Amino acid sequence: MSTPLEHDYIGLSETSSVERSSDKIPSSSSSSSSSTHPNEDKTTRTSLNLKGTELRLGLPGSQSPERKVSLFCKDLESNERSNGFAVSPLKNLMSGAKRGFSDAIDGPNGKWVFPMNGKCDVELAKGAILASPRAVLEGKNKLPSGREVGGLPQSPKPVQDKNILVPSANEHSNAPASKAQVVGWPPIRSFRKNTMASNSAKNSEDAAGCLYVKVSMDGAPYLRKVDLKTYKTYKEISSALEKMFTCFTLGHCSSNGLAVRDGLSESRLMDLLHGSEYVLTYEDKDGDWMLVGDVPWEMFIDTCKRLRIVKGSEAIGLAPRAMEKCKNQS
Amino acid sequence: MEPSELKRSKDSPNSDESTRRSSFPDEVLERVLSLLKSHRDRSSVSLVCKDWYNAERWSRTHVFIGNCYSVSPEIVARRFPKIRSVTLKGKPRFSDFNLVPENWGADIHAWLVVFAAKYPFLEELRLKRMAISDESLEFLAVSFPNFKALSLLSCDGFSTNGLAAIATHCKNLTELDIQENGIDDKGGSWLSCFPESFTSLEVLNFANLSSDINFDALERLVGRCKSMRVLKLNRSVSLEQLQRLLVNAPQLAELGTGSFSEELTFRQYVELESALSNCKNMHTLSGLWDAKGIYLPALYPVCTHLTFLNLSYAALRSDELAKLLAHCPRLKRLWVLDTVEDKGLEAVGLNCPLLEELRVFPADPFDEEIIHGVTEAGFVAVSFGCPRLHYVLYFCRQMTNAAVATIVQNCPDFTHFRLCIMNPGQPDYITNEPMDEAFGAVVKTCTKLQRLSVSGRLTDLTFEYIGRYAKNLETLSVAFAGSSDWGMQCVMGGCSKLRKLEIRDCPFGNAALLSGLEKYESMRSLWMSACNVTMNGCRLLAREMPRLNVEVMKEDGSDDSQADKVYVYRSIAGPRRDAPPSVLTL
């Protein structure tokens, strides 16, 4: 996408509103900082940026009013692009020294401000949680003001005519997106905007589509493939795999049968282990073979590359804990 | 009695003329005219002669007012004494996208007061982009004993308390249609306000309210309203509850499901499928919030006779959509999210040859790092498979001139072409040229075009094309486009049927504004925001054209000489008196 060139008319924006100037949407972030906020002195802006990348420490609660930094410093931006922080300096600059929580609330503009110290990324992330939990926790670059509005259970039409780039003007004080956003563009009604916002917050894990991994079973003549995204718990995947591979294990049914469901969590795997001497293992990103069930589900689907159903006897070296559990249960 | 009184008063002074006039009794004329429904036909009829004007005004029962400030309620009541149904539109369309201040106006209350006095037997009120308070809704509910139908679209200022008043007092209510409003949702108890004796409801749409309603109350309501044909539920209604409702309402013609995603047992699934398959009259399906692909097959029996499928709140993948569409051969209107991607649209082209309308909404409109969504390829694929396509709303992130040329070649009958390339000012992504030729192709090929929304990088050439070829164009929406005043001048000079023009963020200034001087009185309205128009230009326009209302909305901190937002409309009611301080009437 090339930078739109014919917006020269906006160049006469010496006198135009801040909102109008932000209507110009630079497609590359490097140009954005020079295109917004004509009301500020250019030199001040550049010098602010330099100052902003300076790391300084101060006593808690102390303020250094002579130092103004932009909320989202530039070197942060390169590491944390996905956190949805603005590239360009914002209207509501705040003092940068380390400050206590109450100071944070009572910042110069009376808006949320964040402590700046050596641990830039972490602190900022923490501070940002105050204003926009979704943006940071998801770590994704999607947080328009429309989204924040959507987070409210009831949202009358949001504040009109305010520059989305400037949180001080927005009563929801969310972190702006990394690119300039235009009021009322794309032209979508508020209801739909808000609904889609809460939808994608819910489904953000599903955004990548499907995650197919191979499943092999010792002794089976062929492999299967499963979509890890269609399951939400270990219980689900183990019962699904059980169904899939039942035909291969019939000859190995234990006396109490495979159908025992105690309703315990990962105990399905233990049942498999218990009843049919099979263990579910997976290969992770490092190439190591691990026992399924140890880590939280989200982490598991993130790292799992393929699955293997292993005969219990071979799994002993792999899963000493599992064997212990098994012993404790029997 | 009144028509014959009218006749007497006309006959006496003009007895000579009455013999020369064709012996066409007024009663017959009025009877014939009463069959005319289209308000445009009626307007034409009323211009023929004074007799016809009178006959028409006495026989009119429905009035459509496209701009509530173009006329006053008193004027309407004076001209049309027998109105039973009113449709009113208020704010400029860009208020949907937050470009109009909250307190701008378009309040219904003054209208209701006049109606209560002049039309006590009012039955229907359909409002779009009006401000309506709970007090107004209560006033409405108690003032009109025959009140039957209330439809609110994109309105704001009220809460569910107002709905409770309607439910409580309107004993003859047949329609309650609450769509996409800025409503203060205080809870679902309003639904329980329908009395147990109430059975007349035919249309109930509360899909856009978020609170839980009392399901038992809903179930009883649906059970006793045997004539119900439209039911659109909100997200809080589960699949299992849906099944229970459908069992009692197989006559439904339009259904909006609630949430379509809970875990169902096999038996529940079968029951749902069975309940749906009993709905033999169903032609419209919507809702499907959070739809999970695995439950969509339950819809297959309904799909065979569906003509309108609204999946715009269901983030389906391409394969899920393809499977579903294989069962929808009769589809005429389809709304989807761009999660279906180009592959999903290919399936549209393959399965729905009768398709006339397609709307593709963006699932993630503000995320610029997304590379999913639909492209020009999807649109082209649909055009190959659906030659009857005449209405399109398409949100995409890339487009080419060649693709649009192909599309209109395949589908030359477009009446509504609304293309939104989401990155403002974006050129043809392959040739890097402006999108002028794309819209040139549209207006040259689609001679029936009534509505056009343009986007992408556009020079004045686009508007030259529009002015030269779009002779039937009535509504034009322009954003981030054009190079100079010439563009808008071409449109004002060439589009003889233009009625609504809305422009934002374009380099059109006073010369452009004033080029339409004679045109604005034949239009409903003009909107220009973030353009180059100045206060002086607006003052000049206001001075030259006294029958136009020229309103300027100023923003905080803007230059005094710039006219940030301009709204111009014709009016026989004079300048309005309820404008807030931020709106200046010149």
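Look a little higher up for the structure.
A quick note: this is a predicted structure, and the numbers were derived from the prediction, not measured. (Residues numbered from 1 in each chain as written. Chains lettered and ligands numbered in written order. Predicted model: local features only at pLDDT ≥ 70, side-chain atom pairs only at ≥ 80, totals over all residues. Heavy atoms only, no water.)

Enquirer: So what about helix α16 (residues 376-385) of chain B? Which residues, and what values?
Expert: Three- or four-residue spacings in an α-helix give side chains the same orientation, since the helix completes a turn every 3.6 residues. Residue and element names in this part refer to chain B. Burial within α16 is extensive, with eight of its ten residues counted as buried. Among the residues of α16, Glu376, Gly378, Phe379, Val380, Ala381, Val382, Ser383 and Gly385 are the ones counted as buried. Packed against the buried residues of α16 are α15 (341-351), β14 (357-361), β15 (391-396), α17 (401-410) and β16 (416-421). (Buried < 20%, exposed > 50% of the residue type's maximum accessible area, 1.4 Å probe, protein only. Helix = DSSP H or I, 4+ residues; strand = E, 2+ residues; numbered from the N terminus. Contact = heavy atoms within 4.5 Å.)

Enquirer: Provide a residue-level description of the environment of Ala405 of chain B, including the pertinent values.
Expert: Tracing the backbone through its elements, the reader meets Ala405 of chain B in helix α17. Sequence spacing of Ala405 of chain B and Val442 of chain B is 37 residues, and the spatial spacing of their C-alpha atoms is 7.2 Å.

Enquirer: Tell me about the pattern of salt bridges, and name the residues and values.
Expert: Counting across every chain of the model gives 34 salt bridges over all chains. Here Arg126 of chain B and Glu175 of chain B are joined by a salt bridge, their closest N and O atoms 2.8 Å apart. With a gap of 49 residues between them, Arg126 of chain B in strand β3 (residues 124-128) and Glu175 of chain B in strand β6 (residues 175-179) connect regions that are remote in the sequence. On the basis of relative accessibility, which here comes to 24%, the residue Arg126 of chain B falls in the partly exposed class. The salt bridge involving Arg244 of chain B is made with Glu219 of chain B; its shortest N-O contact spans 2.9 Å. Taken together, the positions of Arg244 of chain B in helix α11 (residues 239-248) and Glu219 of chain B in helix α10 (residues 215-224) put the pair 25 residues apart, joining distant regions of the chain. A cluster of three or more residues bridged by salt bridges with shared partners is formed by Arg189 of chain A together with Asp96, Arg129 and Glu180 of chain B. (Salt bridge = Lys/Arg side-chain N within 4 Å of Asp/Glu carboxyl O.)

Enquirer: Hey, could you go over the environment of Asp338 of chain B for me, with residue numbers and the actual values?
Expert: Residue and element names in this part refer to chain B. Inspection of the secondary structure assignment puts Asp338 in the loop between β13 (333-337) and α15. Between the alpha carbons of Asp338 and Leu316 there is a distance of 8.6 Å; along the sequence they are 22 residues apart. Apart from residues no more than four positions distant in its own chain, Asp338 is found in contact with Val360, Phe361, Pro362, Ala363, Gly373, Val374 and Arg397. Polar side-chain contacts of Asp338 include one of 2.9 Å to the backbone nitrogen of Ala363. (Polar contact = N/O pair within 3.5 Å; in protein donor to acceptor, adjacent residues only side chain to side chain.)

Enquirer: Would you mind going over the sheet that holds strand β3 (residues 212-217) of chain A in detail, with residue names and values included?
Expert: Residue and element names in this part refer to chain A. Strand order across the open sheet formed by five strands is β4-β3-β7-β5-β6, with mixed pairing between neighbours. Each end of this open sheet is capped by a strand with a single partner; those strands are β4 (224-227) and β6 (289-291). Averaged over neighbouring strand pairs, the angle between their axes works out to 35° when direction is ignored. With four bridges joining them, β3 and β4 adopt antiparallel strand pairing. Across the sheet, residue Val213 finds its bridge partner in β4, namely Val226. (Pairing = 2+ DSSP bridges. Axes fitted to C-alpha atoms, helices over the stretch in contact; angles between N-to-C directions.)

Enquirer: So what's going on with unusual backbone geometry? Residues and values would help.
Expert: The peptide bond linking Trp185 of chain A to Pro186 of chain A adopts the cis configuration, its omega dihedral lying at -5°. With respect to the element layout, Pro186 of chain A can be found in the loop between α8 (145-150) and α9 (190-202). The phi dihedral of Leu288 of chain B is positive, around 55°, even though this residue is not glycine. As for its position among the elements, Leu288 of chain B is in the loop between β11 (284-286) and α13 (300-303).

Enquirer: Tell me about the packing of α15 of chain B against α16 of chain B, and name the residues and values.
Expert: Residue and element names in this part refer to chain B. Close contact between α15 and α16 brings their axes to 7 Å; oriented N to C, the two are set at 5°. The pairing of α15 with α16 is recorded here as roughly parallel in orientation. Contacts from Asp342, Leu345, Glu346, Val348 and Gly349 in α15 reach Ala377, Gly378, Phe379, Ala381, Val382 and Gly385 in α16. Looking at the contact of α15 with α16, its residues break down into six nonpolar, three polar and two charged. (Parallel < 35°, antiparallel > 145°, perpendicular 65-115°, else oblique. Nonpolar A, V, L, I, M, F, W, Y, C, P; charged D, E, K, R; others polar.)

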